[in-house]
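Report on the structure
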Amino acid sequence: SQQGEEDPQALSIQEGENATMNCSYKTSINNLQWYRQNSGRGLVHLILIRSNEREKHSGRLRVTLDTSKKSSSLLITASRAADTASYFCATDLRGGSQGNLIFGKGTKLSVKP
Amino acid sequence: EAEVAQSPRYKITEKSQAVAFWCDPISGHATLYWYRQILGQGPELLVQFQDESVVDDSQLPKDRFSAERLKGVDSTLKIQPAELGDSAMYLCASSRTRVSYNEQFFGPGTRLTVL
């Protein structure tokens, strides 16, 4: 079963604009990770935020976590055509099997040049 | 940069046939995962290994799927017999250890089509 739900399912923007994707989950977590998947390829880890953190930055990425609302957001600033991909949040459940990630269905981002 | 290797990249088979996928994780990574990803969905864990031992196979359909990692390095996932509903991308990932804050490194996947 999938515990994370990304929103929106699809997002289309122009190059240079910011893209925001949201993830909601159902049960308590140890951490939340975001992954990117280019069409038909494997996933690439982007960023991890622990349950006791509220915000984290990595380059053009900004992730927030609100454990009271069980939600996270991923912001990509100044988007580029190369950012076109699907983005997944993955949660590590508190009390779950250690190291197991549960992925959401993903947001498909299209950045037009 | 070290990568997770998978083969084959594509596999077409007929239902009721047997198929096998191979994965070679990043050297030194103790934990290996097999995921199944249906088109338009996120990956779903099938099995997790710590070294040569299975630590979680609760989502593996054991009547037809099997996985092994005999020497604690590379791994094989087998489906016998394949069914139409098995058409999906099969992803292998590895991480240094099982601790939850370790990122997982994914291979390119094997796309299986069952006719």
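Refer to the structure above for everything that follows.
A brief structural summary. (Residues numbered from 1 in each chain as written. Chains lettered and ligands numbered in written order. Predicted model: local features only at pLDDT ≥ 70, side-chain atom pairs only at ≥ 80, totals over all residues. Heavy atoms only, no water.)

Brief notes about the packing of aromatic side chains
Summed over all chains, the structure comprises seven aromatic pairs over all chains. Geometrically, the ring pair formed by Phe103 of chain A and Tyr35 of chain B is edge-to-face, given 5.6 Å between the ring centres and 90° between the ring planes. Residue Phe103 of chain A is found in strand E10 (residues 102-103), and its partner Tyr35 of chain B is found in strand E4 (residues 31-37); the two belong to separate chains. A single burial state applies to Phe103 of chain A and to Tyr35 of chain B, both of which are buried. Through a chain of ring-to-ring contacts, the aromatic side chains of Tyr35 and Phe103 of chain A together with Tyr33, Tyr35 and Phe106 of chain B assemble into a single cluster. (Phe/Tyr/Trp six-rings, centres within 6.5 Å; stacked < 30°, edge-to-face > 60°. Helix = DSSP H or I, 4+ residues; strand = E, 2+ residues; numbered from the N terminus. Buried < 20%, exposed > 50% of the residue type's maximum accessible area, 1.4 Å probe, protein only.)

Focus on the environment of Gly72 of chain B
By the element assignment, Gly72 of chain B lies in the loop between strand E7 (65-68) and strand E8 (75-79). Judged by relative accessible area, which is 14%, Gly72 of chain B ranks as buried.

Looking at the layout of surface pockets
Taken as a whole, the largest pocket encloses approximately 500 Å³ of empty space. Taken together, 23 residues form the lining of the largest pocket, with Gln37, Ser86, Phe88 and Lys108 of chain A together with Gly40 of chain B sitting closest to its centre. Every element with two or more residues in the lining of the largest pocket is listed here: strand E9 (85-93) and strand E11 (107-112) of chain A. Sort the elements by how many residues they give to the lining of the largest pocket and E11 of chain A lands first, with four residues. Taken together, the residues that form the lining of the largest pocket break down as six nonpolar, 13 polar and four charged. (1 Å grid on protein atoms, 1.4 Å probe; cavity = no way out; pocket = protein on both sides within 12 Å on 5 of 7 lines; lining within 4 Å. Points joined across faces, edges and corners; volume = space filled by probe spheres on them. Nonpolar A, V, L, I, M, F, W, Y, C, P; charged D, E, K, R; others polar.)

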